[in-house]
Amino acid sequence: MVEAVLIDLFSLTANLQSNIQGLLHNTLEAIEKCSSSHAPFVYVMCCQRQESERKGEQESLLPALRGFQGLKRRLEVVCAQTTAAALYTVKQRLDEKDLSIIKVLLPTLRKDLMKVYIDHLFTAVYQFEFEDLQAAPDSESLQISEHQHEGQMLPSQDMALIQSEIQMYLESLPSLKGELTILRSSLIPDDIFLHGFTTRTGGISYIPTLSSCNLFSSSKRRDPQVVVKENLRRLANAAGFNPEAFHRVKVDHANAVCIMGKTEPDDYDGIVTDQKGVTLAAPGADCIPVLFADPVRRACGAAHSGWKGTLLGVSMATVNAMVSEYGCNMKDILVVLGPSVGPCCYRLPHESAKEFHRIDPKCVRLFDSANPYIDIRRATRILLERGGILSENIQDDSITDQNQNITFCTACHPDKFYSHFRDGTNFGTQIGFISIKD
């Protein structure tokens, strides 16, 4: 069942208000009749030519809106200077109400254009269906290229203009929930490496569980890739790295490692390089983002270590890749464990807990319970030390000076970090990143 209706009047010129009113009235009348028992939310999207015209333009539509009692509290006019701004505002309204099934009523010649905007600003969480809006008789009321026909691919130049418009709009949005904050370790020398762990502040993601510096997009979440890209751009500006030379692991919850410059695997949870200016990153929203640095050989790495990856030894697999590829000495490699779910909060079924108990009984608390508490950080440290990493070259939550601690529990700090364990399926993601300075 359709949850919302979007009426696209953006291309209709402001000097044809009588035609617009009639068109809108007829459309709303049809919506109310078809859904009299439960009228959907309705958003009317129109163009705001100048800031001074906003009130007047909305008032000119009021006659068409009167009399629709079933829609009275479910109808909103959204005026903006660009399609990107208007559609993004509509998306915010949809997300506030957790709506996902949308019918779009629009002029036929706007359909291909609108589909491009929607592809960029929405994800597969949303379902769209399109229906032709019976435009006013005066065909000149459509501001659209005559050569464009529905069903054809938009010219690449038009695609580029749409992408630029969306990017410019997102760049103009204010940061949410405070300034962008980066946590850094004193163990990694900052004269050789640029590194850090992100928190959740300083981005533009507005959905509560994603707000505000979410750095991962997927088909199952409501944050589109363009929003994540803008968050990354802001992080890159603050941290000082090039977002175009940014490489994030392709999470598989296993132990494969990508060697920069060689054939890239389809999936991998570790990545290493000795190239300057290339930023490596690993995500985490309870799983551990682990950073590796060798100041002698000037090589670095990043790994994503969840409970499965920890048991499969992804951290040591990353270390071994640095040793075999760049001639690193095990005793020179520094390892920092970033914010992740702590043993205070993280539980696994008893069968999975057995594997951690085999590594060290101290990795498990309440072992005899159905869902014991698990310390994946301690397990990671033990496996690294057994592999040859010096104890003093590992930084985690066992650090004695708590002022230097950056391995916070993500589940315990909702104001600072995202947590899948705490927030459910539509969770945000922070990252750990590292690069070798030029």
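Residues numbered from 1 in each chain as written. Predicted model: local features only at pLDDT ≥ 70, side-chain atom pairs only at ≥ 80, totals over all residues. Heavy atoms only, no water.

What am I meant to see in the overall build of the protein here?
Each helix and strand in the protein was counted, giving eleven helices and 18 strands. Residues classed as buried in the protein amount to 53% of the 438 residues present. Considering only intrachain contacts with a sequence separation of at least 6, the fraction spanning at least 24 residues in the protein is 71%. Element-wise, carbon and sulfur atoms account for 49% of the exposed surface of the protein, whose accessible area totals about 19,600 Å². (Helix = DSSP H or I, 4+ residues; strand = E, 2+ residues; numbered from the N terminus. Buried < 20%, exposed > 50% of the residue type's maximum accessible area, 1.4 Å probe, protein only. Contact = heavy atoms within 4.5 Å. Areas by Shrake-Rupley, 256 points an atom, 1.4 Å probe, with all protein chains shown as cover.)

Even after reading the chapter, I still don't get the environment of Met-330, so can you show me in this structure?
Relative to the helices and strands, Met-330 resides in the loop between helix 8 (314–326) and strand 14 (334–337). In this structure the C-alpha to C-alpha distance between Met-330 and Ile-389, which are 59 residues apart in sequence, comes to 5.8 Å. Look past the residues within four positions of Met-330 in its chain and what remains in contact with it is Met-316, Val-319, Asn-320, Val-323, Gly-387, Gly-388 and Ile-389.

Could you clarify how one ought to interpret the environment of Tyr-206 in this entry?
The residue Tyr-206 is located in the loop between strand 7 (193–198) and helix 6 (225–239) in this model. In this structure, the C-alpha to C-alpha distance between Tyr-206 and Val-227, residues 21 residues apart in sequence, is 10.0 Å. Residues contacting Tyr-206, with those up to four places away along its chain left out, are Tyr-88, Lys-91, Gln-92, Asp-95, Leu-176 and Ser-211. A polar contact is formed between the side chain of Tyr-206 and the side chain of Lys-91, at a distance of 3.2 Å. Among the polar contacts listed, one links the side chain of Tyr-206 to the side chain of Asp-95, at a separation of 2.5 Å. (Polar contact = N/O pair within 3.5 Å; in protein donor to acceptor, adjacent residues only side chain to side chain.)

Got a minute to help me understand the pattern of salt bridges in this structure?
Two side chains of opposite charge can pair, provided their charged atoms sit close to one another. Scanning all chains against the criterion turns up 22 salt bridges. Close ionic contact of Asp-8 with Arg-110 constitutes a salt bridge, the shortest N to O distance being 2.8 Å. In this pair, Asp-8 is assigned in strand 1 (residues 4–8) and Arg-110 in the loop between strand 4 (101–106) and helix 4 (111–121), connecting sequence segments 102 residues apart. Accessibility classification places Asp-8 together with Arg-110 in one group, the buried group. The partner of Asp-396 in a salt bridge is Arg-381, and the shortest N-O contact between them spans 2.7 Å. (Salt bridge = Lys/Arg side-chain N within 4 Å of Asp/Glu carboxyl O.)

Sorry if this is basic, but what is going on with helix 8 here?
Owing to its 3.6 residues per turn, the α-helix aligns residues three or four sequence positions apart on the same side. In this model, helix 8 (13 residues) spans 18 Å end to end at C-alpha, consistent with the 18 Å of a helix rising 1.5 Å per residue. Three or more residues of helix 8 are buried, namely Val-314, Ser-315, Met-316, Thr-318, Val-319, Ala-321, Met-322 and Tyr-326. Lining the buried residues of helix 8 we find strand 9 (257–259), strand 10 (270–273), strand 12 (288–294), strand 13 (299–305), helix 7 (307–311) and helix 10 (376–387). Note on helix 8: the residue one or two positions beyond its end, Gly-327, has a positive phi of about 70 degrees. (Expected span 1.5 Å × (residues − 1).)

How should I be thinking about the sheet that holds strand 10 in this particular structure?
Backbone hydrogen bonds are what pair the strands of a sheet, in a parallel or an antiparallel way. Spatially, six strands are ordered 9-10-13-12-14-17 in an open sheet, and the strand pairing comes out mixed. Of all the strands in the sheet, the pair left with one neighbour each is strand 9 and strand 17 (394–395). By the bridge criterion, four bridges tie strand 12 to strand 14 in an arrangement that is antiparallel. Each bridged residue has a counterpart across the sheet, and for Phe-292 the counterpart in strand 14 is Val-335. (Pairing = 2+ DSSP bridges.)

How should the packing of helix 3 (residues 83–96) against helix 4 be read in this particular structure?
A pair of packed helices is characterised by two quantities: the angle between their axes and the separation of those axes. Following both chains from N to C, one finds helix 3 and helix 4 inclined at 55 degrees, their axes separated by 11 Å at the closest point. One finds that helix 3 runs oblique with respect to helix 4. Crossing hand, helix 3 versus helix 4: right-handed. Across the interface between the two elements, Thr-83, Ala-84, Leu-87, Tyr-88 and Lys-91 from helix 3 touch Met-114, Tyr-117, Ile-118 and Leu-121 from helix 4. Of the residues contributing to the contact of helix 3 with helix 4, the split by class is seven nonpolar, one polar and one charged. (Axes fitted to C-alpha atoms, helices over the stretch in contact; angles between N-to-C directions. Parallel < 35°, antiparallel > 145°, perpendicular 65-115°, else oblique. Left-handed = near helix turned anticlockwise from the far one by under 90°. Nonpolar A, V, L, I, M, F, W, Y, C, P; charged D, E, K, R; others polar.)

Please explain the packing of aromatic side chains as it appears in this structure.
To describe a pair of aromatic rings, you give the distance between the ring centres and the angle between the ring planes. Throughout the structure, instances matching the rule amount to eight aromatic pairs. Ring geometry for Phe-241 versus Phe-433: centroids 5.3 Å apart, planes at 50 degrees, classification tilted. Linking Phe-241 in the loop between helix 6 and strand 8 (246–248) with Phe-433 in strand 18 (residues 430–436), this pair joins segments that are 192 residues apart in sequence. Taken as a pair, Phe-241 and Phe-433 share a single burial class, namely buried. An aromatic cluster is built from Tyr-88, Tyr-169 and Tyr-206, whose rings are joined through pairwise contacts. Above the face of the Phe-41 ring, Arg-74 is positioned so that its terminal group lies 4.5 Å from the ring centre. Here the guanidinium or amino end of Arg-221 rests over the ring plane of Phe-427, the centre of that ring lying 3.9 Å away. (Phe/Tyr/Trp six-rings, centres within 6.5 Å; stacked < 30°, edge-to-face > 60°. Lys NZ or Arg CZ within 6 Å of the ring centre and 35° of its normal.)

Help me understand helix 6, please; the structure alone is not making it clear to me.
The terminal C-alpha atoms of helix 6 lie 20 Å apart, and with 15 residues this matches the ideal 21 Å at 1.5 Å per residue to within 8%. Here helix 6 has its buried residues at Val-226, Val-227, Val-228, Glu-230, Asn-231, Leu-232, Arg-234, Leu-235, Ala-236 and Ala-239. Downstream of helix 6 by one or two residues, Gly-240 has phi in the positive range, about 100 degrees.

What am I meant to see in the pairing of strand 10 here?
Every regular strand shows the same layout, with side chains that alternate between the two sheet faces. Burial along strand 10 is two-sided: Gly-270 and Val-272 facing one way and Ile-271 and Thr-273 facing the other are all buried. Where strand 9 and strand 10 come together, three bridges link them in parallel fashion. Directly across from Cys-258, in strand 10, lies its bridge partner Ile-271. Bridge count between strand 10 and strand 13: four bridges; the pairing is antiparallel.

Teacher, can you tell me more about the layout of surface pockets here?
Any empty space left between the atoms is revealed when a probe the size of a water molecule rolls over them. The computed volume of the largest pocket comes to approximately 610 Å³. The wall of the largest pocket is formed by 23 residues, among which His-253, Cys-287, His-304, His-420 and Phe-427 lie closest to the centre. Secondary structure elements with two or more residues in the lining of the largest pocket: strand 11 (279–284), helix 7 and helix 11 (420–423). (1 Å grid on protein atoms, 1.4 Å probe; cavity = no way out; pocket = protein on both sides within 12 Å on 5 of 7 lines; lining within 4 Å. Points joined across faces, edges and corners; volume = space filled by probe spheres on them.)

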